[in-house]
Amino acid sequence: MNPKSLRFQLMAWYGTLLVIAFLIFSASIYFTLEHFLRQNIATALLNRATQISDNVLADYKGHSLDWLKFEVDSRHAPQNSGRFIRIIKNGSEILYVSEAPKDESFDPASIPLQPLNPHVPIRIVSSNKDQLLIRTFYTLMDGATLTVEVGRSIVPIQETMRGIVLSLIVSGPLVIGVAVFGAYILVGRALSPVDRIIASAERITLEHLANRLPVPATGDELERLSNALNRMIERIDLAFKTDKRFIADASHELRTPIAIIRAELEALGGSKALHDSTRERVGSILEEVQRLGRTVEALFAIARLDAGEAQSEWKSIDLSKLVELTTDQMCLLAEDKMLTVETDLPEGVFIIGDQQRLKQIIVNLLDNAIKYTPEGGKIRISVAAMLFDAVLQISDTGIGIPVECRDRVFDRFYRVDSAKNMNEGGAGLGLSIVKSICTAHYAKISVSSHLEAGCCFKVAFPLHTEKK
Ligand code: ADP
């Protein structure tokens, strides 16, 4: 699980808030219930103290302490009910105190006297292994203040509270766990369109600008985001198409005048009336015009390929045979530079495509290998059938391409400085054409190279298994 993912962070926040909410809820339940139970006991004790005052102390006048003890014991049986009762005169003279309960959980004699204070009617006192809640009630008799104290153990309340804490400790993590798990599933479901949008966005490249992102029909922010991104892709697509159309139109419009200028210059160069120096100058202008013509042709070819020219010419092609044929046609160029050309072309490696275009890939790559390999070097051309690919590799022992330039050699008009210095090559459009043809044929091209260690161009075409 990725801790930076939206899903994880939402869950972390949700889990934390849930724990805080549960702790607040548990604390409020605990304190409210404890207060309520104590209050209940205090009210019952006050009732009993009032009864003692009304029923016993009201008749006490003129009777002995034994009478008082007998009356309280027989009416309220504190020893049997585990209650504490004490009657005090003027805050210090004890008239009656109940005996210890049968289980001797507390000792009434050890409970200290409290100064007269009607503002503190309830107190908690520890005695032996028990804790007592004592309710104090004051009454006046013949000018003396009688204090009636009635107490009861609060151990049952403490046990109830312990039970509640235990059940909260057990149920809390369980409830939070189920809630977080449920939310994890729901958040995952809510965010699943995001994964689909990311996958589609990854597939949209400059070559596939016609594709669009999936739009989840959820009516939420994700739907709005997908729509907004699709509109943006549409605008980029339009801008690119306009750009490509401009290049196609411009190069198309330039072809005819260049062809006319070239024909005129050729005719002029052949004229005997020209002075030698003028003929030389016409020749050099003709060379430049031919170079310009090649650049315009290359631009036109790229524009057509980028526009996705019709695939009507596509058929099954024996890649090894095509490579063999093209190499034979170009071997004179290699021989001129005394280059050794090695081939490894097994039979039966078929691909689908436009023969002329595919041939252009081989021509351009081989032409570069010859151009950029110094005399006496070696060029190796191989074709191999891999699992799903037909792989063409053209490697040489030439000047190589610096690592930092490798990704850029397929850009239009890009030329490495070392190549420029050699005064070889054209306008830097050959590999752009190769790249465009590869894209049109669903092939992947890559280059591995080091400066002055030669380089290897690798083209992986989808393998065509059925021969036609
Ligand atoms: P160019 O017409 O200049 O050869 P390309 O598009 O065919 O244009 O190649 C672009 C650049 O890539 C070249 O200028 C050169 O720097 C480099 N390059 C291409 N092939 C090779 C190779 N086989 N060896 C060394 N450099 C190469």
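What you see is a predicted model, and the numbers here were worked out from it, not measured in a lab.

**Looking at the overall build of the protein**
Scanning the protein from terminus to terminus reveals 10 helices and 12 strands. At 50 Å, the protein has a C-alpha radius of gyration far larger than the 23 Å of a compact globule built from 468 residues. Seen along its three principal axes, the alpha-carbon backbone of the protein occupies a region of about 165 × 45 × 45 Å. Burial analysis of the protein (468 residues in total) assigns 37% to the buried set. Expressed as a percentage of contacts within the protein between residues at least 6 apart in sequence, the contacts between residues at least 24 apart total 63%. Averaging the locations of the 52 positively and 56 negatively charged side chains of the protein gives two centres separated by 4 Å.

**Description of the domain arrangement of the protein**
Annotation of the protein at the domain level lists domain 1 (6-160), domain 2 (221-307) and domain 3 (315-462). Just the C-alpha atoms count here: the centres of domain 1 and domain 2 sit 104 Å apart.

**As for the site of the ligand**
In the region of the ligand, 21 residues are neighbours, and Asn 368, Tyr 372, Asp 396, Arg 415 and Leu 431 sit closest. Asn 368 is positioned with one of its side-chain polar atoms (N or O) 2.8 Å from an oxygen atom of the ligand. Contributing elements (two or more residues each) for the shell around the ligand: α8 (355-371), α10 (430-440) and β12 (455-462). The element contributing the most residues to the shell around the ligand is α8, with 3 residues. Of the residues that constitute the shell around the ligand, the class distribution is 13 nonpolar, 5 polar and 3 charged.

**Details of the environment of Glu 313**
Looking at where Glu 313 falls in the secondary structure, it is placed in the loop between α6 (276-306) and β6 (315-318). For the pair Glu 313 and Gln 356, spaced 43 residues apart in sequence, the C-alpha to C-alpha distance is 9.0 Å. Among residues more than four places away in sequence, those in contact with Glu 313 are Gly 353 and Asp 354.

What counts and how
- Residues numbered from 1 in each chain as written.
- Predicted model: local features only at pLDDT ≥ 70, side-chain atom pairs only at ≥ 80, totals over all residues.
- Heavy atoms only, no water.
- Helix = DSSP H or I, 4+ residues; strand = E, 2+ residues; numbered from the N terminus.
- Rg over C-alpha atoms; globule rule 2.2 N^0.38 Å.
- Buried < 20%, exposed > 50% of the residue type's maximum accessible area, 1.4 Å probe, protein only.
- Contact = heavy atoms within 4.5 Å.
- Lys, Arg positive; Asp, Glu negative; His and termini not counted.
- Charge placed at Lys NZ, Arg CZ, Asp CG, Glu CD.
- Domains from an automatic or database assignment.
- Near = heavy atom within 4 Å.
- Polar contact = N/O pair within 3.5 Å; in protein donor to acceptor, adjacent residues only side chain to side chain.
- Nonpolar A, V, L, I, M, F, W, Y, C, P; charged D, E, K, R; others polar.

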